[in-house]
Amino acid sequence: MDRTLFSPAMIETFLSCKKAFDSAFVRDTENPKLANAHYLCKKFLLKAIAEINRGKITTVAQMQKYIGQNWPGDKFGPDNNEKVQEKHIESFRFIYRALTNYVSKPYKPKDGQIIGVNLKVRARVPHTKIYLEDTFDAIAWHKESKQLEFIDYHINPLKPFDLAWPKASFLVKHFLAERLHSRFPFQKLLFTFVQVQSESVTPNFVELDKNIVQLHWADLLKTINEMKASQNISYECKPSCKLCQLLDNSAVNETQEANHPLSRSA
Ligand code: SF4
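All of these numbers come straight from a predicted model, not from anything done at the bench.

**Q** It is not clear to me how the overall build of the chain should be interpreted in this structure. Could you clarify?
**A** Across its full length, the chain carries nine helices and six strands. A burial count over the chain gives 45% of its 266 residues as buried. Of the contacts made within the chain by residues no fewer than 6 positions apart, 71% connect residues no fewer than 24 positions apart.

**Q** Is there a simple way to think about the nonpolar core in this case?
**A** Inside soluble globular proteins, nonpolar side chains tend to come together where they are buried. By size, the foremost hydrophobic cluster in this structure holds 40 residues, and its most contacted members are Ile11, Leu132, Leu148 and Phe150. Breaking this core down by element, the ones donating at least two residues are helix H1 (8-16), helix H2 (18-27), strand S2 (113-124), strand S3 (131-142), strand S4 (147-154), helix H6 (168-180), strand S5 (188-196) and helix H7 (210-229). Among the elements that make up this core, the one with the highest residue count is H6 (eight residues). Excluding residues that lie within four positions of it along the chain, Leu132 makes contacts with Phe6, Ile11, Val121, Arg122, Ala123, Val125, Val172, Phe175, Leu176, Trp217 and Ile224.

**Q** Even after reading the chapter, I still don't get the environment of Cys41, so can you show me in this structure?
**A** Residue position: Cys41 is located in helix H3 (residues 37-53). Sequence separation between Cys41 and His88 is 47 residues; the distance between their C-alpha atoms is 9.7 Å. Once you skip the residues sitting within four places of it in the chain, Cys41 turns out to touch Trp71, Ser91, Ile95 and Ile155.

**Q** Looking at this structure, I do not really get H6. What am I missing?
**A** With 13 residues, H6 extends 19 Å between its outermost C-alpha atoms, agreeing within 8% with the 18 Å of an ideal straight helix rising 1.5 Å per residue. Most of H6 is tucked away: 11 of the 13 residues are buried. Taken residue by residue, H6 has Ala168, Ser169, Phe170, Leu171, Val172, Lys173, His174, Phe175, Leu176, Ala177 and Leu180 as its buried positions.

**Q** Please clarify how the site of the ligand should be interpreted in this entry.
**A** Near the ligand you find Cys17, Lys19, Ala20, Cys237, Lys238, Cys241, Leu243 and Cys244, and these make up its full shell. Secondary-structure elements contributing two or more residues to the shell around the ligand are H2 and helix H8 (243-246). Broken down by class, the residue content of the shell around the ligand amounts to six nonpolar, no polar and two charged.

**Q** Whenever I open this one, the environment of His88 confuses me. Can you help?
**A** Within the element layout of this structure, His88 appears in helix H5 (residues 82-104). Judged by relative accessible area, His88 falls into the buried class, the value being 14%. Residues His88 and Pro72, spaced 16 residues apart in sequence, show a C-alpha to C-alpha distance of 9.8 Å. Setting aside residues up to four positions removed in sequence, His88 forms contacts with Trp71, Gly73 and Phe76.

**Q** Explain the pattern of salt bridges to me, please; I cannot follow it from the model alone.
**A** Should the charged atoms of two oppositely charged side chains come close, the side chains can pair. Throughout the structure, instances matching the rule amount to six salt bridges. Residue Arg54 is joined to Glu51 by a salt bridge in which the shortest nitrogen-to-oxygen separation is 3.0 Å. Residue class for Arg54 comes out partly exposed when judged on its relative accessible area of 25%. Between Glu207 and Lys188 there is a salt bridge, with the nearest N and O atoms lying 3.7 Å from each other. You can see Glu207 sitting in the loop between strand S6 (201-206) and H7 and its partner Lys188 sitting in strand S5, a full 19 residues away along the chain.

**Q** Would you mind showing me how to read the pairing of S5 here?
**A** Side-chain direction in a regular strand flips from residue to residue, so the side chains alternate between the two faces of the sheet. With eight of nine residues buried, S5 lies mostly within the body of the structure. Relative to S5, S4 runs parallel, the two being bridged by eight bridges. Residue Asp152 lies in a different strand from S5, and its bridge partner there is Phe193. Taken together, S4, H6 and S5 form a β-α-β motif whose crossover is right-handed. Bridge analysis of S5 against S6 gives six bridges, and the strand direction is antiparallel. Residue pairing across strands places Gln195 opposite Thr202, the latter belonging to S6. In sequence, S5 turns back onto S6 through a hairpin of four residues.

Each value, and the rule that gives it
Residues numbered from 1 in each chain as written. Predicted model: local features only at pLDDT ≥ 70, side-chain atom pairs only at ≥ 80, totals over all residues. Heavy atoms only, no water. Helix = DSSP H or I, 4+ residues; strand = E, 2+ residues; numbered from the N terminus. Buried < 20%, exposed > 50% of the residue type's maximum accessible area, 1.4 Å probe, protein only. Contact = heavy atoms within 4.5 Å. Core = buried A, V, L, I, M, F, W, Y, C linked by side-chain atoms within 4.5 Å. Expected span 1.5 Å × (residues − 1). Near = heavy atom within 4 Å. Nonpolar A, V, L, I, M, F, W, Y, C, P; charged D, E, K, R; others polar. Salt bridge = Lys/Arg side-chain N within 4 Å of Asp/Glu carboxyl O. Pairing = 2+ DSSP bridges. Right-handed = clockwise from strand over helix to strand, strands pointing away.

In structure tokens form, the structure reads like this:
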């Protein structure tokens, strides 16, 4: 593991469970587990939505063709496993309905222009050897209102969160936004979470107070320094913890595929 580069997925996994972080990002990175159905669906959904945001897919017919040509059916598991195939069919139906619905009524930033799609941004924390990195599903620039909008797509409902205690992903995105400030001199940042379902598209808008970010910044750096120091420590599982069953390996796969050329362009 690169001990200088950190992503929100890594930080949030570390904060949830140090052993899970150690297994996912430190020890087992050479032997990734098989991707699960949720991860494959989310990844496919993001790639297809990126094509919509780039203006390459605009009609239901184009979307049907894209799904037919790119659906990763072979990655779901063995053909002779009934349960795997049921999950595969269920996933395909969901994605087919969600994307053919989404292409007809995609989320469009009001008075804004999409200026980045699947864009990876990395920056060094001043006076440290720490680099932070994240990938933005889409970024929109609202020139008139001088607002930069980060758009994030998801399938499952958002877990409740308290903006007084923002997650690492908010803090990191807020920090990385400064890298874009010279090109897009924003005065306000907007976080938009778009839930894509088989028959609906629901955006949720969140604004984060800059003072709150500053308040939690020192804690974030403290956590990262703990992560750097956590090498070769043996962790025990907490008794009767079942969290790993709930966590999928998306974060690991996303990290390992972060440099995939198909998924990164402005
Ligand atoms: S089972 Fe619980 S304690 Fe063990 S690694 Fe997973 S999250 Fe951590």
